[in-house]
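As a plain string of letters, each chain reads:
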Number of protein chains: 2
Amino acid sequence: MNNTVSKLLLGKKREPQALSAESFAPANIALCKYWGKRDSALNLPLTSSLSISLGEKGANTRISVLDSAESDVVILNQERLAEESSFVKKLSAYLDLFRDVSDRFFQVETTSNIPVAAGLASSACGFAALIKALDKLYAWELDQKALSILARLGSGSACRSLWNGFVEWDRGQCMDGLDSHGYPLEVQWPELRIGLLIFEPLPKKISSRMAMEHTVQTSPFYKIWPIVVEEDLLKLKRAIKAHDFETFGSVAEANALKMHALMMTAKTPIVYGSPKTLEAQHRIWDCRHQGLAVYFTQDAGPNLKLLFLAKDLDTVKQGFPELEVIAPFGESA
Amino acid sequence: MNNTVSKLLLGKKREPQALSAESFAPANIALCKYWGKRDSALNLPLTSSLSISLGEKGANTRISVLDSAESDVVILNQERLAEESSFVKKLSAYLDLFRDVSDRFFQVETTSNIPVAAGLASSACGFAALIKALDKLYAWELDQKALSILARLGSGSACRSLWNGFVEWDRGQCMDGLDSHGYPLEVQWPELRIGLLIFEPLPKKISSRMAMEHTVQTSPFYKIWPIVVEEDLLKLKRAIKAHDFETFGSVAEANALKMHALMMTAKTPIVYGSPKTLEAQHRIWDCRHQGLAVYFTQDAGPNLKLLFLAKDLDTVKQGFPELEVIAPFGESA
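Everything quoted here is computed from the prediction, not taken from an experiment. (Residues numbered from 1 in each chain as written. Chains lettered and ligands numbered in written order. Predicted model: local features only at pLDDT ≥ 70, side-chain atom pairs only at ≥ 80, totals over all residues. Heavy atoms only, no water.)

1. Examining the interface of chain A and chain B
Move 1: Taken together, the contact between chain A and chain B spans 25 residues of the former and 25 residues of the latter.
Move 2: Sorting the residues of chain A by area buried against chain B places Phe221, Ile224 and Met264 of chain A first, and these three jointly supply 28% of that buried surface.
Move 3: Linking chain A with chain B are zero salt bridges.
Move 4: Run the count over chain A and chain B and you get two residue pairs in polar contact (both at pLDDT 80 or more).
Move 5: Among the elements of the structure, α6 (225–242), α7 (245–264) and α8 (275–289) of chain A are those that each provide at least two residues to the side of chain A that touches chain B.
Move 6: If one sorts the elements of the side of chain A that touches chain B by residue count, α7 of chain A sits on top with seven residues. (Contact = heavy atoms within 4.5 Å. Buried area = accessible area lost by both parts, 1.4 Å probe. Salt bridge = Lys/Arg side-chain N within 4 Å of Asp/Glu carboxyl O. Polar contact = N/O pair within 3.5 Å; in protein donor to acceptor, adjacent residues only side chain to side chain. Helix = DSSP H or I, 4+ residues; strand = E, 2+ residues; numbered from the N terminus.)

Shown next as structure tokens:
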């Protein structure tokens, strides 16, 4: 059990209080990206970041106590993953942090309604759902902040998947990371829509963990990134508060482009965009040129997430009929 | 007549010594890019840059003295351009620098064997050919350095089109720009090949002049660019001297990507690449992954210029059958 975990679980129950428990966590999309770690083991970021959760899109995870097993069993979307797979190893290492006895093994069954590992933050909602399920299984009754910190240990951006709506991940200052977690922004924006433009649902070639590390180490422009993020975060939060959609969209889009520019300038370059990505980006810029307020963000994959307002839904859908539209604050608007 | 011109033409003939004169200048492709000016009127750059000339690909310009005309006549590839066109205005403003009397008008006839304004430095060879033709017409007998400075007044990168082979443009330090000109690198590399991969021969939407200014003013990463260029220039010159093709190719490619990353992070972003560009870039990276030493550079347009060695010509041609191959040091290798 590592330091963070032992501090947070101090005085908590150490044995499972049920045979299984289940929880859901939404996927989240960063509007101001998390790109670069100051501590790789604890997933402590070099900068703060800001995301929007995807409402009902996310991961549902059931964790069950296994009897007389010799290893964890991981089932992802009804398919059992091989023990040797890197994902299972990662998950088992994460579970190691919480086992009450070393031969306590679990079955982890996750159903995700978003494409896995296509830059849609599937590992974020996966680890958030898992820590929530673990909390139920052991009946720890941890608060959201503690769960956010623990989720972060699995995947950095998972710490933002503990809430709906806008979530800021404060980078924190402490070495132990106990001040590095998400917190929700108290702003609703029911008119906001997110459109998933999925070109390739296949897993990406280079993990974001690798890409991030490579960028920090080799892009000559990286030293400017923390300054960029600080500015973008401020502008984004102001725009969200004021419901100033054009500033919101343009700052989010520019932030994503800056992250991809960093990767493009890494040595060797990493380019997640495919020709389809670029074609769609040019189409989005053309739409904007014609007065339509539609913006995009892009993560460590070729897919795009469009940002627009409910009033423009029909027009956006005309340009992008394949769009899967999400109302992060519900369909009311 | 501006300051630079009057200094360089001091004691030179002021009247045309012939009815017409003709000259050729090669196009040049920057391997370490010129991106950003410290003086926009004199085309003085913020950084030095390095190019390779394209041998027989370039512009042939004939300048003729017109009798009793009221304006200049510009003919580009057998087509007369409209007086109001921005290119004719630019050319006339350039000719203003050299007219012996204010009602001396010229016919400028340029034939270019490269696509115009598709990021293939057509204005560079155009202005270089023009200043060489003017030098003949007036019988100034200026040296190459002086011609390079004067060509620069028309288009910055034109100052590199006065020579064949590798040319460095030293940014210089003086306010008047008299130390900002090209000079040839005394290195031959006969095995070097350049492949033009032309997707769109149409003129680009945003001129490089505009894009450059916009980038300098709005990209948060721009302040790192001069440091990047200094390093890349050193590495490139060392690689050229050593005929170290892999370093040469990878530094040139990375330099281009950094320039495009800067544009992508300008506010609003400028992306010259089309889906075809990106598709070809991914193909080039795949080729390299399979051990083929092929690299690219890209200027202010969607087209790519491939860099490879003569020994790999057939393999490269298999991957890119549409390639137009140039031997900048002749076909001997």
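2. Overview of the sheet that holds strand β10 (residues 192–197) of chain A
Residue and element names in this part refer to chain A.
Move 1: Strand order in the open sheet made by the four strands is β11-β12-β10-β13, with antiparallel pairing throughout. Each end of this open sheet is capped by a strand with a single partner; those strands are β11 (295–298) and β13 (324–326). Averaged over all neighbouring strand pairs, the angle between strand axes comes to 30°, with direction disregarded.
Move 2: In terms of strand pairing, β11 meets strand β12 (residues 304–309) through four bridges, oriented antiparallel. Each bridged residue has a counterpart across the sheet, and for Thr297 the counterpart in β12 is Lys305.
Move 3: Contacting β10, β11 and β12, α7 crosses the sheet at an angle of about 35° to β11.
Move 4: Sheet contacts for α8: β10, β11 and β12; angle to β11, the most-contacted strand, approximately 155°. (Pairing = 2+ DSSP bridges. Axes fitted to C-alpha atoms, helices over the stretch in contact; angles between N-to-C directions.)

3. A few points about the sheet that holds strand β11 (residues 295–298) of chain B
Residues and elements named next belong to chain B.
Move 1: Ordered by their spatial adjacency, four strands build an open sheet running β11-β12-β10-β13, and the pairing between neighbours is antiparallel. Edge positions in the open sheet fall to β11 and β13 (324–326), since each of these has one partner strand only. On average, each strand axis in the sheet is tilted by 30° relative to the strand beside it, whichever way the strands run.
Move 2: Where strand β10 (residues 192–197) and strand β12 (residues 304–309) come together, six bridges link them in antiparallel fashion. Residue Leu196 lies in a different strand from β12, and its bridge partner there is Lys305.
Move 3: Sheet strands touched by helix α8 (residues 275–289): β10, β11 and β12. Its angle to β11, the strand with the most contacts, is close to 155°.

4. Remarks on the environment of Leu42 of chain A
Residues and elements named next belong to chain A.
Move 1: Mapping Leu42 onto the fold places it in the loop between β2 (37–39) and β3 (44–45).
Move 2: Take Leu42: its relative accessible area is 15%, and that puts it in the buried class.
Move 3: Linking Leu42 and Ile240, residues 198 residues apart in sequence, is a C-alpha distance of 30 Å.
Move 4: Leave out the neighbours within four places in its chain, and Leu42 touches Asn2, Thr4, Arg152, Leu153, Met175 and Asp176. (Buried < 20%, exposed > 50% of the residue type's maximum accessible area, 1.4 Å probe, protein only.)

That is the geometry; function is a separate question.
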